[in-house]
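Residue strings, one per chain:
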Amino acid sequence: WDNADFSRGVGTTFYQEFTTLNTAKPPFVRDVETKIRRYLRSSYSAAWTLKITWEKAPAYTAQTDTRRTITYQAILTTDGFRSYVLMLYQDGGMRWDYNRLTATNVLIGYT
């Protein structure tokens, strides 16, 4: 991991919350449920989902290069008993210049 830096006014972060307990589910939540069912072979019905998007995020420190940005999402979801996180990256993977990052052991995802 490395830090995103929004201090130069490049990029933005936004979120959207979906409370779906006893309500009709929007296509986005149905897609999340489908992914969890497919990849984890689990029956799953979301009661709550949060989508966080980092759009055109430059790497820390932004003064070095604000042209190489990345858009990625974290999707948190729960049925009240089980919770999952989906981490989605734009096509082409991480676009930050890893030679300029402060961390030397760069990963996409989590460990």
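In case you missed it, the structure is sitting above this.
Note that the structure is a prediction, hence the values are computed from the model and not measured. (Residues numbered from 1 in each chain as written. Predicted model: local features only at pLDDT ≥ 70, side-chain atom pairs only at ≥ 80, totals over all residues. Heavy atoms only, no water.)

Draft legend 1. Quick peek at unusual backbone geometry. Despite not being glycine, Arg41 has its phi angle at roughly 45°, a positive value. By the element assignment, Arg41 lies in the loop between α1 (27-40) and β2 (48-58). A positive phi is found at Lys56, a non-glycine position, where the angle reads about 55°. Assignment of secondary structure puts Lys56 in strand β2. (Helix = DSSP H or I, 4+ residues; strand = E, 2+ residues; numbered from the N terminus.)

Draft legend 2. Structural view of the side chain of Glu33. Mapped onto the elements, Glu33 comes out in helix α1. Those residues in contact with Glu33 that lie beyond four places of it in its chain are Lys25, Tyr44, Ser45 and Ala46. (Contact = heavy atoms within 4.5 Å.)

Draft legend 3. Expanded view of the environment of Ile52. Position of Ile52 relative to the elements: it lies in strand β2. In the structure, Ile52 is positioned 21 residues away from Gln73 in sequence and 5.5 Å away in space, judged by C-alpha atoms. Excluding residues within four positions of it along the chain, Ile52 makes contact with Thr13, Phe14, Tyr15, Tyr72, Gln73, Ala74 and Leu76.

Draft legend 4. Region of interest: the pattern of salt bridges. A full pass over the atoms with the stated rule returns four salt bridges. Lys25 is paired through a salt bridge with Glu33; the nearest N and O atoms lie 2.6 Å apart. (Salt bridge = Lys/Arg side-chain N within 4 Å of Asp/Glu carboxyl O.)

Honestly, it's all geometry; don't read function into it.
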